[in-house]
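Chain and residue survey
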Amino acid sequence: MARFVRTRRRFLELAGSGAVVGIAGCLGGGGGQQETETESETETEATTEAADDDHGEERPEGVSAEEFERGPVPEPYRTALSQANERRDPDDLFTKEAVKFQEADDAVEAGLTEAGRDCGNCAEYIPDKNGDGFGACAKVEGYIGSEDWCSLWESIEEAEAEAEEGEDGGETASVV
């Protein structure tokens, strides 16, 4: 009986290994073309860079994972105005971790927000100014994609209404 168990176990190990190798061969095939060592290294580097990123976005060329997460951002964003005209202060920013920064779809799945609320329609967002596909935020450090989300999300309309109330309040106070 013990011999049968060892033989069966060995058979299952070999069958499982064979299946994995067979599937890997099917998935990794280059259509019959032989992959060069350089192509393989390039793919590995690209995969590693994407894996370094907490939210899976590809970074702009030449930007490290640390710079992507914490900055500094390119000069056009450093003190730029957000979509609701709030100036970015590079010395007074939240970390991405502190504001639960993540992909908007993930935030919806986690129950933190509803669909349609993302950085692209947030009052604090500073849209792409240099063509790299990323913007910045008036309140959060690092590069920000328009499809991202954080707990500071505020609609542009709300921010504009608050700004108008502040202006009206200031005028009323000075008249009285």
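This section reports on the structure supplied with the text.

Procedures and definitions
Residues numbered from 1 in each chain as written. Predicted model: local features only at pLDDT ≥ 70, side-chain atom pairs only at ≥ 80, totals over all residues. Heavy atoms only, no water. Helix = DSSP H or I, 4+ residues; strand = E, 2+ residues; numbered from the N terminus. Buried < 20%, exposed > 50% of the residue type's maximum accessible area, 1.4 Å probe, protein only. Core = buried A, V, L, I, M, F, W, Y, C linked by side-chain atoms within 4.5 Å. Contact = heavy atoms within 4.5 Å. 1 Å grid on protein atoms, 1.4 Å probe; cavity = no way out; pocket = protein on both sides within 12 Å on 5 of 7 lines; lining within 4 Å. Points joined across faces, edges and corners; volume = space filled by probe spheres on them. Nonpolar A, V, L, I, M, F, W, Y, C, P; charged D, E, K, R; others polar. Polar contact = N/O pair within 3.5 Å; in protein donor to acceptor, adjacent residues only side chain to side chain. Patch = residues over 30% accessible without salt bridge, like charges linked within 9 Å, V, L, I, M, F, W, Y side chains within 5 Å. Areas by Shrake-Rupley, 256 points an atom, 1.4 Å probe, with all protein chains shown as cover. Salt bridge = Lys/Arg side-chain N within 4 Å of Asp/Glu carboxyl O. Lys, Arg positive; Asp, Glu negative; His and termini not counted. Charge placed at Lys NZ, Arg CZ, Asp CG, Glu CD. Phe/Tyr/Trp six-rings, centres within 6.5 Å; stacked < 30°, edge-to-face > 60°. Lys NZ or Arg CZ within 6 Å of the ring centre and 35° of its normal.

1. Here's the deal with the environment of F101
In this fold, F101 is placed in the loop between α4 (75–78) and β1 (102–103). The exposure class assigned to F101 is buried, which follows from its relative accessible area of 13%. For the pair F101 and S151, spaced 50 residues apart in sequence, the C-alpha to C-alpha distance is 7.1 Å.

2. Some words on the nonpolar core
Grouped together as the largest cluster of nonpolar side chains are 13 residues, with contacts concentrated most on V99, F101, Y125, V140, I144, W149 and C150. Apart from the residues lying within four places of it in its own chain, the contact partners of I144 are K96, F101, C119, Y125, F134, G135, A136 and C137. Counting residues in hydrophobic clusters, the runner-up holds 9 residues, among them V63, V73, A80 and F134.

3. A word on empty space enclosed by the protein
One simple way to see leftover space: roll a probe sized like a water molecule over the atoms. Going through the model one piece at a time under the given rule, you end up with 1 cavity of 30 Å³ or more. For the largest cavity, the calculated volume is near 50 Å³. Contributing to the lining of the largest cavity are C119, C122, Y125, A136, C137, I144, W149, C150 and W153. Looking at side-chain class alone, the lining of the largest cavity contains 9 nonpolar, no polar and no charged residues.

4. Looking at the side chain of D148
Within the element layout of this structure, D148 appears in strand β4 (residues 148–149). Within the structure, D148 has its side chain in polar contact with the backbone nitrogen of G145 (distance 2.7 Å).

5. Points about a negative patch on the surface
On the surface, a cluster of negative charge is made up of E157, E158, E160, E162, E164, E165 and E167. Checked against the element boundaries, E164 lands in helix α6 (residues 156–175).

6. Examining unusual backbone geometry
In this structure, P72 follows G71 across a cis peptide bond, with omega equal to 10°. Topologically, P72 is positioned in the loop between α3 (65–70) and α4. Backbone geometry places N85, a non-glycine residue, at a positive phi of 65°. With respect to the element layout, N85 can be found in the loop between α4 and β1. The exposed category is assigned to N85, whose relative accessible area is 60%. The phi dihedral of K100 is positive, around 55°, even though this residue is not glycine. Looking at the element boundaries, K100 is found in the loop between α4 and β1.

7. Remarks on the packing of aromatic side chains
Enumeration according to the criterion identifies 3 aromatic pairs in this entry. With a centroid separation of 5.1 Å and an interplanar angle of 90°, the aromatic rings of F68 and F134 are classed as edge-to-face. Linking F68 in helix α3 with F134 in the loop between β2 (125–126) and β3 (136–137), this pair joins segments that are 66 residues apart in sequence. For the pair formed by F68 and F134, the shared burial category is buried. Here the aromatic rings of F68 and Y143 are separated by 5.5 Å at their centres, their planes lie at 10°, and the arrangement is stacked. Linking F68 in helix α3 with Y143 in the loop between β3 and β4, this pair joins segments that are 75 residues apart in sequence. Neither F68 nor Y143 differs from the other in exposure class; each is buried. Among the aromatic residues, ring-to-ring pairing joins F68, F134 and Y143 into one connected group. Its end group placed over the ring of F101, K96 keeps NZ or CZ at 4.5 Å from the ring centre.

Functional significance is not addressed by these values, which are geometric in nature.
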